[in-house]
Amino acid sequence: MIDLRLLREDPDLIRASQRLRGESTELVDGLLSADEERRAATQRFEAVRAEQKSIGKEVAKASGDERAALLARTKELALEVKAAEAAASEAEQTLRKAHLAVSNVVEGAPPGGEDDFVVLREVGDIPRIEAPKDHLEIGEALRAIDTERGAKVSGSRFYFLTGVGALLQLGMLQLAIQQAVEHGFTPSITPTLVRPESMEGTGFLGAHASEIYRLEADDLYLVGTSEVALAAYHSNEILDLSSGPSRFAGWSTCYRREAGSHGKDVRGILRVHQFDKVEMFSFCKPEDAAEEHLRLLAMEEEMLAKVEIPYRVIDVAAGDLGSSAVRKFDCEAWVPSQSRYREVTSTSNCTTFQARRLNIRYRDENGKPQTAATLNGTLATTRWLIPILENHQQPDGSVRVPKALQPFLGGREVLEPAK
RNA sequence: GGAGGAUUCGCCUAGUGGCCGAUGGCGCCGGUCUUGAAAACCGGUAUGGGGAAACUCAUCGUGGGUUCGAAUCCCACAUCCUCCGCCA
């Protein structure tokens, strides 16, 4: 939810942002009038309520005829109060709906849609590989990835990681956690089933509702990322941010329905229903958010360097941002079998948008509670196995293990195909 | 799955229909005293909405209800604790 004060002071700023995103500016006008109506309705309610209270006090003291007269008046008032309260709470709900409909105010993202991203830099050399095998072919030869049995057991877009595949993933995630700890992040293992409020608060029940698994019998949702649990972790709290941002690295399994992506990226483990991820999450003061965003991006690049894969960093265009984000940087790793870059990390600055919904605050210099800013970013996920296997493949079918991962594979420098 | 108990302002706690936004202690902040500190004493210390302000309204786990009036009575739900059962 955006800051209503900002909306009142500078509605054109919000309209401009909506335009940049390719979203409706009418939503802004709807929100403005809902805001006004709510304040008016609240005031009407408060006026009658105040009268009711003060007369109520007189009733307590009065007696005889005077008391009877007062009681008659209060009886009427009780009805008025009830009606005014109902009107106020309805106005409140209307406002909330309108409030939820407006996306966060874009900050620095390039204009345009999905294809209008700006490449900030390309890092690392693209390997020259004759007729590169794709990750599934390599993974099957190594007995590392088994999608056939994944489909047999659970359906399409499921897989088993076995042997060196399992070790690679565990090593990579462990490496991510180690790095996060070195940088002062609190390592966390988070719930993967959350209540509707948590899902709603992080904004995932909006446009992405169909992406999410829901357990109807228990009214719980399976998270698509540990961001959900990490964001909701501090909901309805006032944090102490006086000594800097509060940083977490959450390790969890993630679940996505991938509804509407039938026939897209069906091979291998690029797009799957279940994967593991280490996600960074920061709570900070709004004025520090842009700097924190760059820090998360730097963390991602540090990890990509450790697994020695070439990548580029893109500044995602306004039209392709999630509704919570004011800016988003993706790192895309080179995938030799596709001769193109594919997204492996994404870091978003949500400023106060998410925290306002979740009611996460901090105390400013004057001790006054203010809404905090939240940011998130990927530190490692199952998908990384794709560029790791493909970029480090060798003509004989073996795969070189990046130095940083070798300790997790019993010191092996090369993974050999199974006979 | 069954039975009981609990939920009040950072923590503990008082409060069974109007004088209660709510007692007291701890903690924290400021002051007096002190060379400094501690102790003692004095004062201040929830959040949100509206308002330039005075101020006002809401909030006692959440949502409903009873009542002129609810922290207090009734109902539902959530969470935590204890016991029994079941599973590991």
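Residues numbered from 1 in each chain as written. Chains lettered and ligands numbered in written order. Predicted model: local features only at pLDDT ≥ 70, side-chain atom pairs only at ≥ 80, totals over all residues. Heavy atoms only, no water.

Participant: How should I be thinking about the UniProt feature "binding site: L-serine" (unreviewed entry) in chain A in this particular structure?
Facilitator: UniProt tags Thr-225, Ser-226, Glu-227, Arg-256, Glu-279, Asn-376 and Thr-378 as "binding site: L-serine" (unreviewed entry). Positionally, Glu-227 belongs in helix H9 (residues 227-233). Residue classification places Glu-227 among the buried residues on the basis of a relative accessible area of 9%. Not counting chain neighbours up to four residues away, the residues in contact with Glu-227 comprise Thr-202, Phe-204, Glu-279, Phe-281, Gln-354 and Asn-376. Excluding residues that lie within four positions of it along the chain, Glu-279 makes contacts with Thr-225, Ser-226, Glu-227, Leu-230, Phe-248, Ala-249, Gly-250, Asn-376, Gly-377 and Thr-378. (UniProt positions renumbered as here; feature names shortened; annotations may be inferred. Helix = DSSP H or I, 4+ residues; strand = E, 2+ residues; numbered from the N terminus. Buried < 20%, exposed > 50% of the residue type's maximum accessible area, 1.4 Å probe, protein only. Contact = heavy atoms within 4.5 Å.)

Participant: I tried to follow the protein's contact with RNA strand B on my own but got confused; where do I start?
Facilitator: Around RNA strand B sit 23 residues, and of these Gln-43, Glu-46, Arg-49, Arg-361 and Arg-363 come closest. Protein-adjacent atoms of RNA strand B, using a 4 Å cutoff, are sugar or phosphate at a proportion of 72%. Between a phosphate oxygen of RNA strand B and a side-chain N or O atom of Arg-49, the distance comes to 2.3 Å. In this structure, Lys-82 approaches RNA strand B through a side-chain N or O atom, which is 3.5 Å from a phosphate oxygen. For the surface near RNA strand B, the secondary structure elements donating two or more residues are helix H1 (4-9), helix H3 (26-61), helix H4 (64-101) and strand E14 (360-363). Top element by residues in the surface near RNA strand B is H3. It accounts for eleven residues. Across the surface near RNA strand B, the residue classes tally to six nonpolar, four polar and 13 charged. (Near = heavy atom within 4 Å. Polar contact = N/O pair within 3.5 Å; in protein donor to acceptor, adjacent residues only side chain to side chain. Nonpolar A, V, L, I, M, F, W, Y, C, P; charged D, E, K, R; others polar.)

Participant: Can you help me understand the domain arrangement of chain A in this one?
Facilitator: It is common to report an interface's size as the accessible area lost on association of the parts. Looking at chain A, the domain boundaries give domain 1 (4-100) and domain 2 (118-415). Using only C-alpha atoms to locate each centre, domain 1 and domain 2 end up separated by 43 Å. (Domains from an automatic or database assignment.)

Participant: Explain the packing of aromatic side chains here, please?
Facilitator: The relation between two aromatic rings is expressed through the spacing of the ring centres and the mutual angle of the planes. In this structure the tally under the stated criterion is four aromatic pairs. Ring plane angle 75° and centroid distance 5.1 Å describe the contact between Trp-334 and Tyr-341, whose orientation is recorded as edge-to-face. The two residues Trp-334 and Tyr-341 agree in class, both being buried. In textbook terms, an aromatic cluster arises when at least three aromatic residues are bridged by ring pairs, as seen for Tyr-233, Phe-248, Phe-281 and Phe-283. (Phe/Tyr/Trp six-rings, centres within 6.5 Å; stacked < 30°, edge-to-face > 60°.)

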